[in-house]
Every structure is written in C-alpha cells, then in structure tokens.
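Now for the letters of each chain:
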Amino acid sequence: MDVENFPLLAGFEWEFLVAKSDQDQHPEDPRWFSRPPPPLGTVTPVPVPSLGGQRRGAGGRGRAQALARLYPMANDSPGRPKPSQIHTKIQEILGDHAGVLVFARKELENPPLARAVLMGSGIVPKAHVHTEFQGYSLGADNSLHAGDEDSIKWMDLRYQWTGVELKSRVFTEEEMGPTNGSEADGSPCALEIRNVCAALRSNMRLQVNKSSAFQVTISQQTEGGLNLMSLKKIVTLVWILEKPLLFALCAPHRRPGSNNSYCLPISEYSELAHGGAVKFEDEFDFGGQGENHYYWDGIYERYVGSAVEAFRQDIFTSLGGSGPGPSSSGHSEDGSLHSELETLRTHLQTLWRAKSISAVREMLNHHLPPNNRLSLAVKFLGFSAPPSSTAVEFRMHEGTLDPVLGKLWADVCMALVANATQTTGSQTSDAGGIGGNGEHDSDTFQDPEARAFSEMLMSMLHKTIGVDRNASSLATASTLLRELGIPQRQVLL
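It should be emphasised that the depicted structure is a prediction, and the values quoted were computed from it without experimental measurement. (Residues numbered from 1 in each chain as written. Predicted model: local features only at pLDDT ≥ 70, side-chain atom pairs only at ≥ 80, totals over all residues. Heavy atoms only, no water.)

Draft legend 1. Geometry of the overall build of the protein. A tally of helices and strands in the protein yields 16 helices and ten strands. Residue pairs at least 24 apart in sequence account for 75% of intrachain contacts in the protein once pairs closer than 6 positions are excluded. Accessible surface for the protein amounts to roughly 21300 Å². Of this, 50% is attributable to carbon and sulfur atoms. (Helix = DSSP H or I, 4+ residues; strand = E, 2+ residues; numbered from the N terminus. Contact = heavy atoms within 4.5 Å. Areas by Shrake-Rupley, 256 points an atom, 1.4 Å probe, with all protein chains shown as cover.)

Draft legend 2. Spotlight on the layout of surface pockets. Considered as a void within the structure, the largest pocket measures approximately 1100 Å³ in volume. Lining the largest pocket are 48 residues; nearest its centre among them are E13, K167, K379, L381 and E393. Elements with a minimum of two residues in the lining of the largest pocket: β1 (8–20), β2 (137–140), β3 (160–167), β6 (214–220), β7 (376–381) and β8 (389–394). (1 Å grid on protein atoms, 1.4 Å probe; cavity = no way out; pocket = protein on both sides within 12 Å on 5 of 7 lines; lining within 4 Å. Points joined across faces, edges and corners; volume = space filled by probe spheres on them.)

Draft legend 3. Inspection of the packing of helix α8 (residues 228–246) against helix α14 (residues 403–421) at higher detail. Their axes nearest at 8 Å, the elements α8 and α14 cross at an angle of 135 degrees. By the criterion of interaxial angle, the relationship of α8 to α14 is oblique. Here α8 runs over α14; the crossing is right-handed. Contacts between α8 and α14 pair S230, K233, I234, L237, V238, L241 and L246 from the former with W409, V412, L416, V417, N419, A420 and T421 from the latter. When its residues are assigned to classes, the contact of α8 with α14 shows ten nonpolar, three polar and one charged. (Axes fitted to C-alpha atoms, helices over the stretch in contact; angles between N-to-C directions. Parallel < 35°, antiparallel > 145°, perpendicular 65-115°, else oblique. Left-handed = near helix turned anticlockwise from the far one by under 90°. Nonpolar A, V, L, I, M, F, W, Y, C, P; charged D, E, K, R; others polar.)

Draft legend 4. Geometry of the side chain of S34. In this fold, S34 is placed in the loop between β1 and α1 (61–70). At a separation of 3.3 Å, a polar atom in the side chain of S34 contacts the side chain of Q85. (Polar contact = N/O pair within 3.5 Å; in protein donor to acceptor, adjacent residues only side chain to side chain.)

Draft legend 5. Seen up close, the packing of aromatic side chains. Enumeration over the complete set of coordinates arrives at seven aromatic pairs. On the numbers, 5.9 Å between centres and 50 degrees between planes, the contact of W14 with F214 is tilted. Of the two residues, W14 is situated in strand β1 and F214 in strand β6; the sequence distance between them amounts to 200 residues. Counting every residue linked through ring pairs, the aromatic cluster contains F12, W14, F171 and F214. (Phe/Tyr/Trp six-rings, centres within 6.5 Å; stacked < 30°, edge-to-face > 60°.)

Draft legend 6. Structural view of the pairing of β3. The element β3 is extensively covered by neighbouring structure, given that six of its eight residues are classed as buried. Relative to β3, β2 runs antiparallel, the two being bridged by four bridges. Residue G139 lies in a different strand from β3, and its bridge partner there is E165. (Buried < 20%, exposed > 50% of the residue type's maximum accessible area, 1.4 Å probe, protein only. Pairing = 2+ DSSP bridges.)

Draft legend 7. Region of interest: the side chain of D141. Tracing the chain through its elements places D141 in the loop between β2 and α5 (148–153). R373 provides the closest opposite charge to the buried, salt-bridge-free D141, at an N-O distance of 6.1 Å. A polar side-chain atom of D141 sits 2.5 Å from a polar atom in the side chain of S143. When neighbours within four sequence positions are excluded, D141 is seen to be in contact with E15, G163, V164 and E165. (Lys, Arg positive; Asp, Glu negative; His and termini not counted. Salt bridge = Lys/Arg side-chain N within 4 Å of Asp/Glu carboxyl O.)

Draft legend 8. Region of interest: the nonpolar core. Membership of the largest hydrophobic core comes to 103 residues, with the highest contact counts inside it found for F12, W14, L94, L200, I218 and F394. By residue number, the principal contributor to this core is α8, which donates twelve residues. Aside from chain neighbours lying at most four places away, what touches I218 is L8, L9, A10, L226, A391, V392, F394, C413, M414 and V417. (Core = buried A, V, L, I, M, F, W, Y, C linked by side-chain atoms within 4.5 Å.)

Draft legend 9. The environment of R255, seen in detail. Along the chain, the position of R255 falls in the loop between α8 and α9 (266–269). Expressed as a C-alpha distance, the spacing of R255 and E398, which sit 143 residues apart in the sequence, is 9.7 Å.

Don't take any of this as a statement about function, it's just geometry.
As structure tokens, this is what we get:
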C-alpha cells in the first residue's frame with residue numbers, strides 16, 4: 001500500500017498572553033488574571049493528594065486543584081508567576097467549560113502516566129499518534145511580548161503579560177470535516193475549537209497581538225508520518241505559493257517586508273534559498289534510493305522540471321518579438337523572468353535531490369542561525385515511543401482566538417497538503433506529460449500521478465511567476481484557492 005494514501009492528521013497551536021497584576025485593574029471584569037505568588041517560605045506544605053476518583057471525561061476543577069497541590073508555587077521566584085500557575089488555571093477552565101483533556105507538564109514528561117490519564121479520561125487513543133498528542137498541552141513562550149498598542153487596548157492600565165502556547169490534540173481528517181469554506185462548519189474539529197476559544201475568552205484576561213501566531217501542523221496517520229516524496233511536493237508548492245497565496249491570507253504584519261522575524265518566507269531566507277544546498281549533497285547522503293543524483297533527478301523532471309520548462313517555453317513564445325519591457329501577459333521583461341525561472345529551477349532541483357527527510361529539514365532552516373523561524377518547518381514529532389513522525393508546520397498566520405478564522409486557515413493548509421500527498425495508486429508506462437504547447441509527451445512521464453502534479457504546478461506558475469510576488473493580491477489568492485480545489489474563503493479574503 002502506498003503511504004501517500006493514508007489520511008491526514010492536523011493539530012493547532014494558539015499563542016496568547018495572559019494578564020498579570022498585583023491588583024485587580026478592572027474589578028468589574030469577572031475573568032481570571034494571574035497574581036504574583038507569595039514570597040518564598042510562606043506556602044504551607046500540604047499532603048500530596050490522590051488523583052483518583054475524578055469524573056470521567058477531561059477533568060476540570062478537581063483535577064486542576066489536585067495538580068496545583070502536587071506542584072505548589074513555593075518554588076516560584078518572588079514576583080514572577082510560575083507558568084504552572086497559569087497552566088493549572090487553563091486546565092481547569094478547559095476541563096470545566098470545553099470538556100477537553102489538558103496534560104500537565106509532569107504527565108508529558110512521564111509517558112506511562114500520560115497514557116494512564118488518557119485511558120482514565122475515557123479517550124480512545126488514535127493509531128499512529130503519540131500519547132502526548134492525544135490531548136491538549138501547554139507551554140511557556142518567551143517570544144511573546146506586549147507592545148505599546150497593548151497598553152492602549154487595556155485603557156492604559158498596564159498589566160504585565162505572560163506568554164502561553166496551547167497545543168491542541170490531534171484531529172483526524174474525518175474529524176476535520178469536508179473543506180467546504182462555510183462559517184457554519186459543524187465538523188467535530190470546528191465544534192471543539194469553538195468551545196476551547198470561547199472558554200478561554202470568557203474566563204481569562206488575555207490577548208493576542210503582533211507577536212503571537214496561530215500555527216497548523218499536519219502529518220499522516222501512518223508510522224513515520226509524511227514520507228520524503230510527499231515532503232518534497234509540499235515544500236515545492238509552498239515555495240511557489242507562499243507569497244501570492246498563503247501570506248496574502250494572513251494579516252499584513254505577518255507578510256514579507258513587514259519587519260516580522262517570526263515567519264520569513266522559505267523562498268528568501270532558507271538555507272536552500274542561499275545556496276546552502278552545496279553542503280547537503282554529501283553531508284546528508286544517506287537513507288535514499290540510488291548512490292547518486294540520477295534517481296531523484298529523474299523524479300524531479302517528471303514532477304517539477306518538465307512543468308518549469310513547459311512554462312518557460314509558453315511564456316517566451318508569447319513574448320516572442322516583443323523585446324524587453326512588460327508584456328501583454330503581465331509578465332516582467334525577458335531577462336528578469338529568465339533569471340527568476342533559472343533561480344527557481346536551481347532551488348527546486350536541489351530540493352528534489354535530497355536523499356533524506358533530515359536533508360529537507362535542514363534546507364528549510366534560516367540561513368543565519370540560530371533564527372529558524374521561517375514560514376514552513378519540518379517537524380519530528382513524538383518522544384513517548386519511537387519512531388518519530390514527520391510533519392510540516394505552517395507558521396504564517398497571525399495569532400487568533402477566532403475559531404472560524406482558525407479553522408478556515410487550517411482547511412487551506414490541509415487542502416494544500418492533500419494536493420501534495422494524493423496519489424493515483426497506479427503507474428502506467430504510456431501516460432503522457434505536458435510539453436511547451438500543452439500537448440502530452442509520452443517520453444516525459446511514467447505515471448499519471450506525476451502528470452497530475454506537474455499540470456497543477458504549471459497552472460500555479462502561470463499565475464505567480466513574473467508578477468510582483470511581494471504584493472499580496474487577494475484576487476490572485478482567490479484564484480489560486482480555486483485552482484487548488486479550495487472554495488473561496490470570504491472570512492479569510
């Protein structure tokens with residue numbers, strides 16, 4: 001069975017800031033905020049409570065209070081809220097008001113304990129999903145910070161703010177529901193994240209700002225997750241589509257040229273974009289098929305190279321005799337377009353020569369370490385049991401606790417990955433490719449899967465290359481969504 005036929009899995013990460021103050025700045029606001037812990041030595045030790053006997057389900061106030069006693073705040077530094085204080089409150093809120101399981105840090109550090117908590121909550125574990133991703137989890141995020149605009153938002157009554165990241169459980173493709181672009185999404189995923197966001201917003205003093213993000217991680221429900229072939233196709237699509245489509249669907253402060261260092265485009269700032277591939281050809285030559293580049297060069301030509309060449313022939317034929325300068329097709333002058341296509345060809349060919357997932361992962365690192373905060377990342381997920389699962393993380397979107405917006409963005413990411421992972425499941429020797437004139441070339445392709453991906457890629461190139469790719473065009477983005485089989489998102493656009 002082809003790995004690419006397995007269903008997709010998705011998980012979300014919300015980044016937000018929780019308010020902290022010595023005094024209640026808004027007494028009329030019933031929502032919780034963090035207070036500094038008492039000085040060291042003022043907390044009276046209490047017996048360790050039993051975690052047994054909690055209600056079936058996610059657990060709420062009772063479990064949170066028990067965990068708070070297990071890990072008292074006496075270990076906190078004076079004047080600084082320990083993340084577990086906020087985390088314990090979030091566990092309580094989400095357990096009571098959203099009915100979801102949030103793992104405690106100690107549970108995540110002890111996989112057998114986490115599995116016991118999972119089974120005790122009545123949750124049936126999903127196949128090929130590590131224990132720590134079967135429930136929600138919390139972490140601190142020091143990259144989140146409050147700016148001047150946040151003091152205005154809170155009526156100049158300055159709070160201190162603590163960065164929090166909340167990771168959802170893994171949702172199956174079936175739970176995600178059909179990609180229908182509707183605000184009235186009734187899928188299990190949409191309903192659950194609606195409850196989660198509503199519980200947080202109704203019960204905590206928190207905010208999202210320009211430093212926060214909403215990230216989507218996608219893998220496949222099989223041992224090992226995404227395979228090398230799928231990963232190369234995903235990176236290829238993101239490389240071409242990130243500026244005209246993906247960034248266009250995000251807030252202006254997340255787009256290229258906005259001085260945002262959290263989600264820089266891979267097509268500009270990655271090791272691959274800066275010629276770092278020279279070291280990858282030897283350093284990561286393991287685990288692949290073939291002892292040289294000929295195998296992957298052949299795959300590249302069938303899936304990508306022929307589309308780039310066909311596009312080049314189409315464009316320069318349409319420009320024939322027109323000379324330098326803008327053409328009627330809207331493309332830039334011949335020299336600039338030729339240079340852009342050559343650069344694209346070089347980068348993608350190097351990508352497709354990678355013989356391991358580790359090589360692709362390194363190629364997408366920032367070319368100036370240690371900053372690796374780019375628009376797309378390859379993740380190795382899972383530490384509870386080997387092997388880890390390969391996934392991709394979409395990092396472009398701004399922070400949001402709007403469940404409709406978040407789900408629509410996740411649908412776009414899912415649809416893009418689905419286009420990269422779908423397969424015909426068969427191969428034929430007489431399946432044709434596409435030549436420069438759009439006719440099929442039987443010498444180019446060996447299977448209809450390659451032909452389908454190449455034809456889709458050529459359509460994407462016609463709508464993106466040679467135009468101002470730094471300009472976010474909602475009209476172009478809407479067209480690209482339809483090309484990828486994604487209905488237009490009125491909320492996003």
